[in-house]
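# What the coordinates show
Below, each chain spelled out in residue letters.
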Amino acid sequence: MEFTAKQVADLLTGTVEGDPEVKISKLSKIEEGESGSLTFLANEAYTEYIYETDASVAIVAETFSPSRPIKESLTLVRVADPRMSFAKLLEAYQQFRNSKVGIHPSAVVADSAQIGEQVYIGPGVSIGEQCKVGNGVKLHANVTLGDMVSIGDNTQVLANAVVHADTVVGKECMIYSGVILGGDGFGFAPNSENNYQKVVHIGNVIVEDHVEIGSNTTIDKGTLGSTVIRKGAKLDNLIQVGHNVEVGENTVIAAQTGIAGSTKIGKNCMIGGQVGIVGHLSIADGVKIAAQSGIGGPIKEENSLWQGSPAIKVRDFQRSYVIFRNLPELKSRIDQLEKDS
């Protein structure tokens, strides 16, 4: 994919200073710029690199005034806001990359599946019986859809993700590589001989619109009923969501968090990395939980902040930590008092 400086300027409503026909085919950091690449300068701390970069095109502010000559090989595109303009360019670049349509010859699509318009189905994709794939959906290499899966319009499922039977995914979602939706929950019941009998799960997973689910995250289906990820939620990589969990609207969860079965998390929550949450409890709307915290009971106060394991209010944790940090000194003082008494 090649673009000229003029095409970039037209897209960003900018002006060209230099060669408008110079071509770029990749993006780069300003300190790592090379011929044929486009970069940008938004942070003054990186200004020195504008004079050294080998990039062919650089997006700069309209007000940028070089303090010394730049290389003749560098064309500038001047815009009102370089950071926002570069973000816009990245979005356009991503949309261009995702403009593929068609069904690869190696894909296996059940005759009963309903496939929308402007769909891309990549190599090795498997689509089961009675699936519904909406308009503009992109299913990348080796994606598997079980029977009766529904994928909403303009959703992308990246390579090697597995969406098990009966799962419902909404519109405009991003499902990253290695995600598994709708696997069995971790349900076993000990019998009279203390062997563990598997509990069959016959529920499903529902992912509402505008949800993102990061690589290698797993979301288990309900034992009965559904595991639900509400509209606008964002889940990082390597998260485990247990059976019958509900994650509220616009809640964000960082990597390596584990949520045990039947827990209900409110909307607009923020949960840090490596948080562990036990099952069968509720967390109120707007709650923030610091990384590596352990949640062992319900949180009823909306918009509250929690930290530690077991987690307590952040202010209580900070006060406790001051004491904990001083324990060696306090012990030495106690030992000395005992010695002197």
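The text that follows walks through the structure, step by step, so that each part is easy to find. (Residues numbered from 1 in each chain as written. Predicted model: local features only at pLDDT ≥ 70, side-chain atom pairs only at ≥ 80, totals over all residues. Heavy atoms only, no water.)

### Overview of the sheet that holds strand 24 (residues 204-207)
Pairing within the open sheet is parallel, and its 9 strands lie in the order 10-13-16-19-24-27-30-33-36. Pairing within the sheet leaves two strands with one partner each, and these edge strands are strand 10 (114-115) and strand 36 (282-283). The sheet contact formed by strand 27 (residues 226-229) and strand 30 (residues 246-247) spans 2 bridges and is parallel. Its bridge partner being in strand 30, Val228 is matched across the sheet by Glu246. (Pairing = 2+ DSSP bridges. Helix = DSSP H or I, 4+ residues; strand = E, 2+ residues; numbered from the N terminus.)

### Thoughts on the sheet that holds strand 9 (residues 108-109)
Consider a sheet: its strands pair through backbone hydrogen bonds, and that pairing is either parallel or antiparallel. The strand order across the open sheet formed by 10 strands is 9-12-15-18-21-26-29-32-35-38, and the pairing between neighbours is parallel. Taken across any chain shown, the strands that pair with only one partner, and hence form the sheet edges, are strand 9 and strand 38 (294-295). Sheet topology note: the strand 35 (residues 276-277)/strand 38 ladder contains 2 bridges and is parallel. Pairing of Gly276 across the sheet is with Gly294, part of strand 38.

### What about a nonpolar patch on the surface?
A cluster of nonpolar side chains, Tyr321, Ile323, Phe324, Leu327 and Leu330, forms an exposed patch at the surface whose accessible area comes to about 490 Å². Taken together, the elements giving at least two residues each to the nonpolar patch come down to helix 3 (314-325) and helix 4 (327-340). Ranked by residues supplied to the nonpolar patch, first place goes to helix 3 with 3 residues. Structurally, the position occupied by Phe324 is in helix 3. According to the relative accessible area criterion, Phe324 is exposed, its value standing at 54%. (Patch = residues over 30% accessible without salt bridge, like charges linked within 9 Å, V, L, I, M, F, W, Y side chains within 5 Å. Areas by Shrake-Rupley, 256 points an atom, 1.4 Å probe, with all protein chains shown as cover. Salt bridge = Lys/Arg side-chain N within 4 Å of Asp/Glu carboxyl O. Buried < 20%, exposed > 50% of the residue type's maximum accessible area, 1.4 Å probe, protein only.)

### As for the pattern of salt bridges
Counted according to the given criterion, the structure contains 14 salt bridges. For the salt bridge of Lys26 with Glu34, the shortest nitrogen-to-oxygen distance reads 2.4 Å. With a relative accessible area of 34%, Lys26 lands in the partly exposed category. The residue Arg230 makes a salt bridge to Glu246 at a minimum N-O spacing of 3.3 Å.

### Side note on the packing of aromatic side chains
Evaluated as defined, the whole model comprises 5 aromatic pairs. Here the aromatic residues Phe317, Tyr321 and Phe324 are joined through ring pairs into a cluster of three or more. (Phe/Tyr/Trp six-rings, centres within 6.5 Å; stacked < 30°, edge-to-face > 60°.)

### Concerning unusual backbone geometry
Glycine aside, residues mostly have negative phi angles, and peptide bonds mostly take the trans form. That bond from Ser309 to Pro310 is cis: its omega, -5°, falls within 30 degrees of zero. Mapped onto the secondary structure, Pro310 falls in the loop between strand 39 (305-307) and strand 40 (312-313).

### Here we look at the nonpolar core
Membership of the largest hydrophobic core comes to 50 residues, with the highest contact counts inside it found for Leu139, Leu145 and Ile283. Not counting residues up to four positions away in its chain, the partners in contact with Leu139 are Tyr120, Ile121, Gly122, Val125, Ile127, Val133, Leu145 and Val157. Ala5, Ile59, Val77 and Leu89 belong to the second-largest nonpolar core, a separate cluster that totals 13 residues. (Core = buried A, V, L, I, M, F, W, Y, C linked by side-chain atoms within 4.5 Å. Contact = heavy atoms within 4.5 Å.)

### Focus: the environment of Val143
For Val143, the position within the fold is in the loop between strand 14 (138-139) and strand 15 (144-145). The buried category is assigned to Val143, whose relative accessible area is 0%. Separated by 19 residues in the primary sequence, Val143 and Gly124 have C-alpha atoms spaced 7.2 Å apart. Ignoring sequence-local partners within four residues, the contact set of Val143 consists of Gly124, Val125, Ser126, Val157, Leu158, Ala159, Asn160 and Ala161.

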